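# Fold and contact review
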Amino acid sequence: MATVYSPAGEFTAADAEPEVLVRTGPPSSGPSGPLALAVVEHERDLPAVKHVGEVAKTHRLRQAVARGFDDAAFVDRRGRFSEATIWNLAFWDGEAVVWPRAEMLAGTTMGIVRRRLEGLGVPQRVAEVRVDDLPGLAGAVVMNSWTPGVAVRRIGEVALPEAPSFLEALHRAYAAEPLTAF
């Protein structure tokens, strides 16, 4: 993991050249799923920027686990799903991948999957998704740098159907991305 930081301190207005801290560790593969996600109202600060000021997300994750869930899915103040604690969300309506319309961090894996789904001819759309919309959906997943898709079996009190073809399409799309070397 690489973190860019100011040696002058996080809460200073000092003009200092940024430095980079690189931390290494053993690889992780994340959970296998299917997951149960608590519904939590939360909006990340600076949603389009990946940053380390994420203590609220960790707090919400721990609250969800204490309530018997595996993780938490976030809805904004308008009730729209945005993302999960360390995940992007994607839904399946039976014909198309539905990406949530809300402020969020669009992850790298999400970008790869979207681009490659288009190349594979898999329909996609962006739409506001709310809790009341969940019973009409045919599946849901979370994705991040660990994986292009972990199945979600329940969000809040709403059970979601298994969608193996949806999950397979996401993994196939991700695998279609050409490897690059630096």
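### Digging into the pattern of salt bridges
- According to the stated counting rule, one finds 8 salt bridges in the structure shown.
- Of the charged contacts in the structure, one is a salt bridge between Asp 76 and Arg 80, with a shortest N-O distance of 2.8 Å. One exposure class covers both Asp 76 and Arg 80, and it is buried.
- Residue Glu 168 is joined to Arg 172 by a salt bridge in which the shortest nitrogen-to-oxygen separation is 3.1 Å. Of this pair, Glu 168 and Arg 172 both sit in helix H3 (residues 164-175), 4 residues apart, roughly one helical turn.
- A residue is classified by how much of its surface remains accessible, and Glu 168, at 42% relative accessible area, is partly exposed.
- Each of the salt bridges in this network shares a partner with another, and the network as a whole consists of Asp 76, Arg 78, Arg 80, Glu 128 and Arg 130.

### Quick word on the side chain of Asn 88
- Assignment of secondary structure puts Asn 88 in strand S6 (residues 88-92).
- Residue Asn 88 is classed as buried on the basis of its relative accessible area, which comes to 6%.
- The residues touching Asn 88, leaving out its near neighbours within four places in the chain, are Met 104, Leu 105, Ala 106, Gly 107, Met 110, Val 141, Val 142 and Met 143.

### Things to note about H3
- For H3, with 12 residues, the first-to-last C-alpha span of 16 Å sits near the 16 Å given by 1.5 Å per residue.
- Among all positions of H3, only Phe 166, Ala 169, Leu 170 and Ala 173 are buried. Projected down its long axis, H3 carries its buried residues within an arc of 100°, all on one side. What points out from H3, more than 90 degrees from its buried face, is the exposed set Pro 164, Ser 165 and Ala 175.
- Elements in contact with the buried residues of H3: S6, strand S7 (97-100), helix H2 (108-120), strand S9 (139-144) and strand S10 (147-155).

### Notes on the pairing of S7
- Burial along S7 is two-sided: the face carrying Val 97 and Trp 99 and the face carrying Val 98 and Pro 100 are both buried.
- Sheet topology places S6 next to S7; 2 bridges connect them, and they run antiparallel. Directly across from Trp 92, in S7, lies its bridge partner Val 97.
- What sits between S6 and S7 in their antiparallel hairpin is a turn of 4 residues, with Gly 94 showing a positive phi close to 100°.
- Read from S7 through H2 to strand S8 (residues 124-127), the crossover connection turns out right-handed.

### A short note on the environment of Thr 147
- Mapped onto the secondary structure, Thr 147 falls in strand S10.
- Given a relative accessible area of 11%, Thr 147 falls into the buried group.
- Through-space distance from the C-alpha of Thr 147 to that of Pro 31 is 9.5 Å; in sequence the pair is 116 residues apart.
- The residues touching Thr 147, leaving out its near neighbours within four places in the chain, are Trp 87, Thr 109 and His 171.

### Comments concerning the packing of H2 against H3
- H3 packs onto H2 with a crossing angle of 95° between their chain directions and a minimal axis gap of 8 Å. Classified by the angle between their axes, H2 and H3 sit roughly perpendicular to one another. Where H2 abuts H3, its residues Thr 109, Ile 112, Val 113, Arg 116, Leu 117 and Leu 120 lie against Ala 169, Leu 170, Arg 172, Ala 173 and Tyr 174.
- By residue class, the composition of the contact of H2 with H3 is 8 nonpolar, 1 polar and 2 charged.

### Some details on the nonpolar core
- Counting 21 residues, the largest nonpolar core has Leu 37, Phe 81, Leu 89, Phe 91, Leu 134, Val 142 and Ile 155 as its most contacted members.
- Of all the secondary structure elements, the ones that give two or more residues to this core are strand S3 (35-41), strand S4 (71-75), strand S5 (81-84), S6, S9 and S10.
- Take this core: its biggest share by element is 3 residues, from S10.

Criteria and cut-off values
- Residues numbered from 1 in each chain as written.
- Predicted model: local features only at pLDDT ≥ 70, side-chain atom pairs only at ≥ 80, totals over all residues.
- Heavy atoms only, no water.
- Salt bridge = Lys/Arg side-chain N within 4 Å of Asp/Glu carboxyl O.
- Buried < 20%, exposed > 50% of the residue type's maximum accessible area, 1.4 Å probe, protein only.
- Helix = DSSP H or I, 4+ residues; strand = E, 2+ residues; numbered from the N terminus.
- Contact = heavy atoms within 4.5 Å.
- Expected span 1.5 Å × (residues − 1).
- Arc of directions from axis to C-beta.
- Pairing = 2+ DSSP bridges.
- Right-handed = clockwise from strand over helix to strand, strands pointing away.
- Axes fitted to C-alpha atoms, helices over the stretch in contact; angles between N-to-C directions.
- Parallel < 35°, antiparallel > 145°, perpendicular 65-115°, else oblique.
- Nonpolar A, V, L, I, M, F, W, Y, C, P; charged D, E, K, R; others polar.
- Core = buried A, V, L, I, M, F, W, Y, C linked by side-chain atoms within 4.5 Å.

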